[in-house]
Amino acid sequence: MAKPDNKQVKTARERLLERAQGRFPDRQFVRPEGQEGQDGQLADLDEAINEMMDADASQIAENARMNEKLAKVLYGGDPKVADFLNILIETGDPRAALVETFGDELSELATEEGRAKFQTQLEDYRERARKSRELEEQDQKNYESFLERLDNWGNEHNLSNEEKAAVAVRLIDIAQKGGVSMFDEDDFNTVWRGTHYESDVEAARKEGLVAGRNERIEANRKTRGTAGGSTMPSINGGRGGSMPAPKPPKKRDIWDDVE
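Let me begin by describing the structure that accompanies this report. Treat the numbers as computed from the prediction; the structure is a model and nothing was measured.

**Considerations on the packing of helix 3 (residues 80–91) against helix 4 (residues 94–102)**
- Look at helix 3 against helix 4: their axes get within 9 Å of each other, and the N-to-C directions meet at 140°. For the crossing formed where helix 3 meets helix 4, the hand is right-handed. Every residue of helix 4 that contacts helix 3 at Lys80, Asp83, Phe84, Ile87 and Leu88 is listed here: Pro94, Ala97, Leu98, Glu100, Thr101 and Phe102.
- For the contact of helix 3 with helix 4, a count of residues per class yields seven nonpolar, one polar and three charged.

Structure below.
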């Protein structure tokens, strides 16, 4: 006997709601009870659908424009362009695609006349290559300076080479994540601890001072309460000693007045 299919089939509106919520996660399309009713929800959904359709239409128009430009290059110009692109797509190597497509024609670039023909493109290439070399050289200098500063800082804090390396790896990891804005909670915690380190240390110092003062007060109180409970403070000019306890009055005898 076949098992019944209990999988719930979503309505068209439910599927639209899911798509709209996925495109605009910060919006609330389904409201709790007591808030705006069905009409308000439908209005929000309609607006989201319109925005999605406008965005899709804009992307389709941009793709069509780029495809038109590519079609003009492929079919309205040098037929070797199509050969070059096909080989490039297959091999992924532009140099190999150039050689296989243009062959000995590339040797013209080795002559003065050939270079003059493409002088502007050649100058642009050389400028880009120069800037690329400068960036690579500066990046290498920065990296060497970074390692030197890290080593000095680690020595000041008595860190081992392994501990210094762990710091370097963490910094490089944060830098790479920054390039694609993919920070996580560990990165947030690292920055938070770093920006609040001094204030946390100061707060801990003050708490320690207060705790130490309270301990001293309590210790003094206990000392005063246990040392010589019947002893009174000295009033004899600071010469030490205690005031003698008063003697009881002498009992009078009837024979004291008889001589």
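**Quick notes on the packing of aromatic side chains**
- Under the definition given, this model contains one aromatic pair.
- With centroids separated by 6.1 Å and ring planes inclined at 45°, the aromatic side chains of Tyr143 and Phe146 adopt a geometry described as tilted. You can see Tyr143 and its partner Phe146 sitting in helix 6 (residues 119–156), three residues apart, about one turn around the helix.

**Some words on the pattern of salt bridges**
- The tally for this structure, following the rule as stated, stands at ten salt bridges.
- With a shortest N-O distance of 2.5 Å, Arg130 and Glu127 are connected by a salt bridge. Linking Arg130 with Glu127, this pair stays in helix 6, spanning three residues, or about one helical turn.
- Look at Glu127 and you get partly exposed, because its relative accessible area is 32%.
- Lys177 is the partner of Asp184 in a salt bridge, and the nearest nitrogen-oxygen pair spans 2.7 Å.
- Note on Asp184: relative accessible area 28%, which makes it partly exposed.

**Describing the nonpolar core**
- If you look at the biggest cluster of nonpolar residues, it comprises seven residues: Leu17, Ala20, Phe24, Leu45, Ala48, Ile49 and Met52.
- Sorting the residues of this core by element identifies helix 1 (12–23) and helix 2 (38–76) as the ones contributing at least two each.
- With four residues, the single largest contributor to this core is helix 2.

Thresholds applied
Residues numbered from 1 in each chain as written. Predicted model: local features only at pLDDT ≥ 70, side-chain atom pairs only at ≥ 80, totals over all residues. Heavy atoms only, no water. Axes fitted to C-alpha atoms, helices over the stretch in contact; angles between N-to-C directions. Helix = DSSP H or I, 4+ residues; strand = E, 2+ residues; numbered from the N terminus. Left-handed = near helix turned anticlockwise from the far one by under 90°. Contact = heavy atoms within 4.5 Å. Nonpolar A, V, L, I, M, F, W, Y, C, P; charged D, E, K, R; others polar. Phe/Tyr/Trp six-rings, centres within 6.5 Å; stacked < 30°, edge-to-face > 60°. Salt bridge = Lys/Arg side-chain N within 4 Å of Asp/Glu carboxyl O. Buried < 20%, exposed > 50% of the residue type's maximum accessible area, 1.4 Å probe, protein only. Core = buried A, V, L, I, M, F, W, Y, C linked by side-chain atoms within 4.5 Å.

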